[in-house]
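What follows is each chain in one-letter form.
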Amino acid sequence: MKKHKRAVSMLLVLLLLMAAGMTACRQDKTEELTQILTEEEALPPVEVAMPEYELAYSGDLEDVIVLQEAEDGSGTKLDFYANLSVGKTKIFTLKYNTSEGDFVTVLTDAEENKIPVAFDMEQLPEGLSAEDENTFYLAQDAVNEIAASLRLK
């Protein structure tokens, strides 16, 4: 009789453990689904049109990245800044029709001309908080997405 009670107790413990495991598994699946749905709800890309070219980058960075034509007024340079807690900080500059830069890509225009586009990358400023450092690098990583999206007019 004692063996029977013991077996029933063991069976009940086993069933409780299985139920707890299934609940944890279900919670993991729910979290995974929530993450997938959140990723699918990404904002539409930010599209920028300049006289010579067009580009785009993730809409998730719309409030992080700020653009400004370079002060020389030539229209061939576009400065990209990150909004940090210490203010706006330059992350890179796009230079149209030059091969002088840290990262260069060559595009073909409507007349089949090869046009180089260069990016000058900025160094991480000293003394930033960990959060600002992460924001700086996240914004600066957008250079790859921007270079891939470049289309000449």
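Above this text sits the structure in question.
Residues numbered from 1 in each chain as written. Predicted model: local features only at pLDDT ≥ 70, side-chain atom pairs only at ≥ 80, totals over all residues. Heavy atoms only, no water.

Asker: Quick question: what am I supposed to make of the sheet that holds strand β1 (residues 46–49) here?
Answerer: Strand pairing within a sheet occurs via backbone hydrogen bonds; the two strands may be parallel or antiparallel. Read across the sheet, three strands follow the order β1-β2-β8 without closing on themselves; strand pairing throughout is antiparallel. Each edge of the sheet is formed by a strand with only one pairing partner; in this case those strands are β1 and β8 (151–152). As paired elements, β1 and strand β2 (residues 53–57) share four bridges and run antiparallel to each other. The partner of E47 across the bridge, within β2, is A56. (Pairing = 2+ DSSP bridges. Helix = DSSP H or I, 4+ residues; strand = E, 2+ residues; numbered from the N terminus.)

Asker: What exactly am I supposed to notice about unusual backbone geometry here?
Answerer: Negative phi is the rule for most residues except glycine; trans is the rule for most peptide bonds. A positive phi is found at N97, a non-glycine position, where the angle reads about 65°. Relative to the assigned elements, N97 resides in the loop between β5 (87–96) and β6 (103–108). Residue N97 is classed as partly exposed on the basis of its relative accessible area, which comes to 48%. For E112, which is not glycine, the phi torsion reads 70° and is therefore positive. Examined against the element boundaries, E112 turns out to sit in the loop between β6 and β7 (114–121). Of the residues examined, E112 reaches a relative accessible area of 61% and is grouped as exposed. (Buried < 20%, exposed > 50% of the residue type's maximum accessible area, 1.4 Å probe, protein only.)

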